[in-house]
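This is what each chain is made of:
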Amino acid sequence: MSTPTLPDVTTRRAPALGGFNLTLVRLELRRLLRNRRTVIFTLVMPIVFFLMFGLNAQYADRSAGHGNWSASIMVSMAAYGAMLGTTSSGASVAVERSLGWSRQLRLTPLNPAAYIVVKLLLALAVGLTSILAVYVAGLVSHKPSMPVSLWIVTALLAWAGSLVFAAFGLFMGYLLPSENVMQILGPVLAILAFLGGLFIPLDEGSVLATIAQFTPMYGLNGLVHAPLTTAPFKVTWVVNLVTWLLLFSTGAVWRFRRDTARV
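These numbers were taken from a predicted model, which means no experiment stands behind them.

**A short note on the overall build of the protein chain**
Across its full length, the protein chain holds 12 helices and 2 strands. The order of α-helices and β-strands along the protein chain, N terminus first, is α-α-β-β-α-α-α-α-α-α-α-α-α-α. Counting the 263 residues in the protein chain, one finds 45% classified as buried. Considering only contacts in the protein chain between residues 6 or more positions apart, those separated by 24 or more positions represent 78%. Taken as a whole, the protein chain presents about 13900 Å² of accessible surface, with 68% of it coming from carbon and sulfur.

Okay, structure coming up:
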């Protein structure tokens, strides 16, 4: 009876790009879309808020830079939807942790940074869907008024800036228990949106405006509205976004390494 030949594992090489590949992205996306509650939550809530406040006849048609208030509120709700979508998608890792999926990944050659990139891309996909849903609601309502170019520019800015909250969701997903992660993050996101001036414009020089500069929503709120309101560009917006992105991304990688090290 012949003895089977075992493979020489010493000659194996680590996969390129730390294990990142499109197959992994596709599988993760399919798994994410099965969570209908999260998808519906991130799509419906921003649209409802836009319909409630963006179509108000008392102020919807008032001038706001290159458009009207309805357009400004639509942009705000798109940014809020992107924030909800990316955060909830990133925070879904909390459920994976409870099922032991993170520890299983430790047995594979997948690099922690590559896994974080995959999760960020998936979160951005959900965030983009939320933005498009709000803008479609705006088109159907015929209320928001601004140049076509601004529809595109503001949508892209909201989408790109939401990367910060994708990293935030990942960090919180590895930090908080799975059974109540979104119950905690829901109110937190609403507070961050308020403090960042997304729901109510901030008065320059006020205490709230000073506090807003240190919140994650401050940079995104300023960037997405500037093309419409013609507000002067501030470098602090970009600094704010980059700083929080680095902090949340570093925290997510740190927690991922610590979580998977317990195999």
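**What to know about helix α3 (residues 69–91)**
Counted at 1.5 Å a residue, the expected span for α3 with its 23 residues is 33 Å, and the 32 Å between its end C-alpha atoms agrees. Across the 23 residues that make up α3, a large majority, 22, are buried.

**Quick look at the side chain of Thr215**
Relative to the helices and strands, Thr215 is located in the loop between α10 (207–212) and α11 (217–229). With relative accessibility at 6%, the residue Thr215 sits in the buried group. A polar side-chain atom of Thr215 sits 2.7 Å from the main-chain carbonyl oxygen of Ala212. When sequence neighbours within four positions are dropped, the list of residues in contact with Thr215 reads Leu195, Gly196, Asn240 and Trp244.

**Here we look at the nonpolar core**
What tends to happen in soluble globular proteins is that the nonpolar side chains get buried as a cluster. Core analysis: the largest hydrophobic core is formed by 58 residues, its most contacted members being Tyr135, Met146 and Phe165. Those elements giving two or more residues to this core turn out to be α3, α4 (93–98), α6 (112–141), α7 (148–161), α8 (163–175), α9 (181–195), α11 and α12 (235–260). Among the elements that take part in this core, α3 stands out by supplying 12 residues, more than any other. Residue contacts for Phe165: discarding those within four places in its chain leaves Met83, Thr86, Thr87, Leu189, Leu192, Pro216, Met217 and Leu220.

**A few points about the packing of α3 against α9**
Orientation of α3 relative to α9, taken along the N-to-C sense of each, is 150 degrees, at an axis distance of 11 Å. What the angle tells us is that α3 and α9 run roughly antiparallel. The handedness of the crossing between α3 and α9 is right-handed. Contact with α3, carried on its side by Tyr80, Met83, Leu84, Thr87, Ser88 and Ala91, involves Val181, Met182, Leu185, Leu189, Ala190 and Ala193 of α9 and no other residues of that element. Tallied by class, the residues present in the contact of α3 with α9 amount to 10 nonpolar, 2 polar and no charged.

**Considerations on α11**
In this model, α11 (13 residues) spans 17 Å end to end at C-alpha, consistent with the 18 Å of a helix rising 1.5 Å per residue. Among the 13 residues in α11, 11 count as buried, and that is most of the element. Met217, Tyr218, Gly219, Leu220, Asn221, Gly222, Leu223, Val224, His225, Ala226 and Leu228 are the residues of α11 that are buried. Trailing α11 by a residue or two, Thr230 shows a phi angle of about 60 degrees, which is positive.

**Concerning the environment of Ser76**
Mapped onto the secondary structure, Ser76 falls in helix α3. Those residues within four positions of Ser76 in sequence are excluded, and the remaining contacts are Leu198 and His225.

**Structural notes on unusual backbone geometry**
A positive phi angle, near 60 degrees, is found at His142, a position not held by glycine. Taking relative accessible area as the criterion, His142 reaches 69% and is therefore assigned exposed. Unusually for a residue other than glycine, Thr230 sits at a positive phi of about 60 degrees. On the secondary structure map, Thr230 appears in the loop between α11 and α12. In this structure Thr230 comes out as partly exposed when scored by relative accessible area, which is 48%.

**Here we look at the packing of aromatic side chains**
One pass over the full model with this rule turns up 9 aromatic pairs. Ring-pair connections join several aromatic residues into one group, and the members of that group are Phe49, Phe53, Tyr80 and Phe199. The positively charged end of Arg62 is found above the aromatic ring belonging to Trp69, 5.5 Å away from the centroid.

**Observations regarding the packing of α3 against α11**
Here α3 crosses α11 at 145 degrees, and the two axes come no closer than 10 Å. The way α3 lies across α11 gives a crossing that is right-handed. Every residue of α11 that contacts α3 at Ala71, Ser72, Val75, Ser76, Ala79 and Met83 is listed here: Met217, Leu220, Val224, His225 and Leu228.

Parameters at a glance
- Residue indices begin from 1 for each chain and proceed along its sequence in written order.
- Side-chain atom pairs in this predicted model are given and counted only at pLDDT of 80 or more, local residue features only at pLDDT of at least 70, and totals for whole chains, interfaces and linings cover all residues.
- The side-chain values count all of the structure's non-hydrogen atoms but skip hydrogen atoms and water molecules.
- Starting at the N terminus, helices and strands are each numbered in turn, a helix being any DSSP run of H or I of at least four residues and a strand any DSSP run of E of at least two.
- Remark: exposure states derive from per-residue accessible area (1.4 Å probe, protein chains only) relative to the maximum for the residue type, with buried under 20%, exposed over 50%, and partly exposed in between.
- Throughout, a contact is declared for two residues whenever any of their heavy atoms are within 4.5 Å.
- Calculation of accessible area relied on Shrake-Rupley with a 1.4 Å probe; when residues are assessed, cover is drawn exclusively from the protein chains displayed.
- Given the number of residues in a helix, its expected span is that number minus one, multiplied by 1.5 Å.
- Throughout this description, a polar contact denotes any pair of N or O atoms lying within 3.5 Å of each other; where both atoms belong to protein, one of them has to be capable of donating a hydrogen while the other can accept it, and for residues adjacent in sequence the pair is counted only when both atoms sit in side chains.
- The criterion is simple. A nonpolar core is a set of buried Ala, Val, Leu, Ile, Met, Phe, Trp, Tyr and Cys residues joined through side-chain atoms within 4.5 Å.
- What counts as an axis is a line fitted to C-alpha atoms, over the stretch in contact for a helix, and the angles between N-to-C directions run from 0 to 180 degrees.
- Any angle that falls under 35 degrees is termed roughly parallel, while one over 145 is termed roughly antiparallel, one within 65 to 115 roughly perpendicular, and all others oblique.
- Handedness of each helix crossing follows the sense of rotation of the near helix against the far helix: counterclockwise by less than a right angle gives left-handed, clockwise gives right-handed.
- All amino acids are sorted into three groups, where Ala, Val, Leu, Ile, Met, Phe, Trp, Tyr, Cys and Pro are nonpolar, Asp, Glu, Lys and Arg are charged, and the leftover types, Gly among them, are polar.
- In this scheme Phe, Tyr and Trp rings, the latter by its six-membered ring, pair at centre separations within 6.5 Å, and the angle between planes marks the pair as stacked below 30 degrees, edge-to-face above 60, and tilted otherwise.
- Throughout this description, the term charge over a ring refers to an Arg CZ or Lys NZ atom that lies within 6 Å of the ring centre and within 35 degrees of the ring normal.

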